Amino acid sequence: MTHIASWRSPSNIALVKYWGKHGLQLPNNPSLSFTLSECYTDMTLRVITGSSTPQLTILYDGNERPAFEPKIKSFFNRISDTLPWLTEASIVIDSLNTFPHGAGIASSASSMSALALCLDDIDRQINAITNPLNHTQNLDRISELARLGSGSACRSVFPVAALWGEVSGVKSSHDRYAIPWAEHVANIFKDYQDTILVVSKAEKAVSSTIGHELMSGHVNEESRYVQARQNLLTLIESLKSEKALDVFISVCESEALQLHALMMSGKRPFLLIEPGTIAIIKEVWTFRQDTGIPVCFTLDAGPNVHLLYPASFKGSVLDWIKTNLIRHCADGLFITDEVGSGPQKL
Ligand code: DP6
């Protein structure tokens, strides 16, 4: 029997970072992210169940991409207990990202969450035949599936913001899946802007997977996890009101710099920021001081800078980017994104 599912799923940007994991993709500290709007993956999954010669075909924009096969196969092996039909299925995955390839924006969060949503959709189609009552969408389960594909992907399935990892005092928080956090953030954050300044389009020298591994035995390992937990609690408080933007800003910037400081200070040091990254950070600090506009930065595991600011300052910030910052961007590339409403069935 043939089943088809299509989903759109966004990327996300962590404010408190997941960096270091154990077991099967379990985080060493909790993290909290904003869900993005314009950077997303559209995916269609076609599954023929009960196939005697199971095959996996991976397409990107209609063209075969065998290089993605090992990662997808190991993901399918991890989840075959939950979705037993996977072992006897011929599968075609076709996806397309809105953000340009090589823009340094991690596609694993959007693509792995899109894949988890498609797999769950098909599982519900299959189960509806045998158990018509048990086919409602279950975001905990989808988030958990996404986590097994890529840790940060588990946060992409929720609108506005998501919290992943156990936090004392937050009852429903869990290491196995993310939980929705939209209800706990003030209105100002619900359309917060994220303008991504693409400093370099080059392939990352060190992958996130290796970066996570290098946290094990890092001289600052324990203190990092203590500090991440403290930063998370401070961030949660600051998100409740638009009056604590100064606290929000200091947590975001401290987390971004700490992530890169950890990379630079491990047993095998590495450096992902570029001179343009530092130049932009200094410009942000001067601009904020001079204008009082509450723009701040965060960084992913790469050189590109995410500028975060309230939507009411969009005009002034974009003008300033065009006059002062665009010269630090590769081919003048920047992406205007904002906090978004989560995945969508296509
Ligand atoms: C710096 O989720 O890409 O973006 O679980 O190995 O797939 P894997 O790693 P990944 O790591 C993301 C690291 C980060 C911080 C974050 O998104 O929290």
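Residues numbered from 1 in each chain as written. Predicted model: local features only at pLDDT ≥ 70, side-chain atom pairs only at ≥ 80, totals over all residues. Heavy atoms only, no water.

Visitor: Before we move on, can you summarise the nonpolar core with the specific residues and values?
Guide: Formed by 38 residues in total, the largest nonpolar core has its most connected members in Phe76, Ile93, Leu115 and Leu119. Looking at this core, the elements that each hand over two or more residues are strand E1 (2-16), strand E4 (31-49), strand E5 (56-60), helix H1 (69-79), strand E7 (89-97), helix H2 (108-130), helix H3 (139-149) and strand E8 (161-164). Ranked by residues supplied to this core, first place goes to H2 with nine residues. Residues contacting Ile93, with those up to four places away along its chain left out, are Met43, Thr44, Leu45, Leu56, Thr57, Ile58, Leu59, Ile72, Phe76 and Leu115. (Core = buried A, V, L, I, M, F, W, Y, C linked by side-chain atoms within 4.5 Å. Buried < 20%, exposed > 50% of the residue type's maximum accessible area, 1.4 Å probe, protein only. Helix = DSSP H or I, 4+ residues; strand = E, 2+ residues; numbered from the N terminus. Contact = heavy atoms within 4.5 Å.)

Visitor: Give a description of the site of the ligand that names residues and reports values.
Guide: Taken together, 17 residues sit near the ligand, with Tyr18, Lys21, Ser150, Ser152 and Arg155 positioned nearest. Contact between the ligand and Lys21: an oxygen atom at 2.7 Å from a side-chain N or O atom of the residue. Between the ligand and the protein, one listed contact pairs an oxygen atom with a side-chain N or O atom of His212 at 3.0 Å. The protein chains hide 93% of the 460 Å² of surface that the ligand would expose on its own. (Near = heavy atom within 4 Å. Polar contact = N/O pair within 3.5 Å; in protein donor to acceptor, adjacent residues only side chain to side chain. Areas by Shrake-Rupley, 256 points an atom, 1.4 Å probe, with all protein chains shown as cover.)

Visitor: Give me the packing of aromatic side chains: which residues, what numbers.
Guide: The tally for this structure, following the rule as stated, stands at ten aromatic pairs. For the ring pair Phe34 and Phe189, a centre distance of 6.1 Å and an interplane angle of 35 degrees mean the geometry is tilted. A residue pair is termed long-range when its members are at least 10 positions apart, and Phe34 in strand E4 and Phe189 in the loop between strand E9 (178-180) and strand E10 (193-197) qualify at 155 residues. Of the two residues, Phe34 and Phe189, both sit in the buried class. Measuring from centroid to centroid gives 6.0 Å for Trp285 and Phe297, while their planes differ by 55 degrees, and the two rings are tilted. Of this pair, Trp285 sits in helix H7 (residues 275-291) while Phe297 sits in strand E11 (residues 296-299); the two residues are twelve residues apart in sequence, bridging distant segments of the chain. Three or more aromatic residues link up through ring pairs in this structure, and these residues are Phe34, Phe189, Tyr192 and Phe248. (Phe/Tyr/Trp six-rings, centres within 6.5 Å; stacked < 30°, edge-to-face > 60°.)

Visitor: Please set out the sheet that holds strand E12 (residues 305-309) residue by residue, giving values where relevant.
Guide: Pairing within the open sheet is antiparallel, and its four strands lie in the order E11-E12-E10-E13. Edge positions in the open sheet fall to E11 and strand E13 (334-338), since each of these has one partner strand only. Between one strand and the next, the sheet's axes are offset by a mean angle of 25 degrees, whatever the strand orientation. With five bridges connecting them, E10 and E13 associate as antiparallel partners. Residue Gln193 lies in a different strand from E13, and its bridge partner there is Glu338. (Pairing = 2+ DSSP bridges. Axes fitted to C-alpha atoms, helices over the stretch in contact; angles between N-to-C directions.)

Visitor: Before we move on, could you go through the side chain of Arg124 and cite the residues and values that matter?
Guide: Relative to the helices and strands, Arg124 resides in helix H2. A distance of 2.8 Å separates polar atoms of two side chains, one belonging to Arg124 and the other to Asp120.

Visitor: Before we move on, can you summarise the side chain of Ser31 with the specific residues and values?
Guide: With respect to the helices and strands, the residue Ser31 is situated in strand E4. Residue class for Ser31 comes out buried when judged on its relative accessible area of 0%.

Visitor: Could you give an account of the pairing of E12, naming the residues involved and the relevant values?
Guide: For E12, the buried fraction is high: five of the five residues fall into the buried class. With burial as the criterion, each face of E12 is covered, one bearing Val305, Leu307 and Tyr309 and the other bearing His306 and Leu308. Sheet analysis places E10 next to E12, joined by five bridges and oriented antiparallel. Pairing of Gln193 across the sheet is with Tyr309, part of E12.

Visitor: I'd love a proper account of unusual backbone geometry, names of residues and values included.
Guide: In the Ramachandran plot, Val160 falls in the positive-phi region, its phi being about 65 degrees despite a non-glycine side chain. In this structure, Val160 sits in the loop between H3 and E8. You can call Val160 buried: its relative accessible area is 10%. Notably, Asp331 is not glycine yet its phi reads approximately 50 degrees, a positive angle. By the element assignment, Asp331 lies in the loop between helix H8 (314-325) and E13.

Visitor: Tell me what's going on with empty space enclosed by the protein, and back it up with residues and numbers.
Guide: In this structure the tally under the stated criterion is one cavity of 30 Å³ or more. Size it by volume and the largest cavity reaches roughly 40 Å³. As for the largest cavity, its lining consists of Trp19, Gly211, Leu214, Met215, His218, Leu262, Met263, Gly266, Lys267, Arg268 and Phe270. Classifying every residue of the lining of the largest cavity by side-chain character gives six nonpolar, three polar and two charged. (1 Å grid on protein atoms, 1.4 Å probe; cavity = no way out; pocket = protein on both sides within 12 Å on 5 of 7 lines; lining within 4 Å. Points joined across faces, edges and corners; volume = space filled by probe spheres on them. Nonpolar A, V, L, I, M, F, W, Y, C, P; charged D, E, K, R; others polar.)

Visitor: Outline the layout of surface pockets, supporting the account with residue identities and numerical values.
Guide: The space that makes up the second largest pocket amounts to roughly 220 Å³. What lines the second largest pocket is simply Pro54, Gln55, Leu56, Lys73, Phe76, Asn77, Ser80, Leu86, Thr87, Ala89 and Ile91. Elements represented by at least two residues in the lining of the second largest pocket include exactly H1 and E7. Per-element tally for the lining of the second largest pocket: the top contributor is H1, with three residues. Its residues assigned to classes, the lining of the second largest pocket comprises six nonpolar, four polar and one charged.

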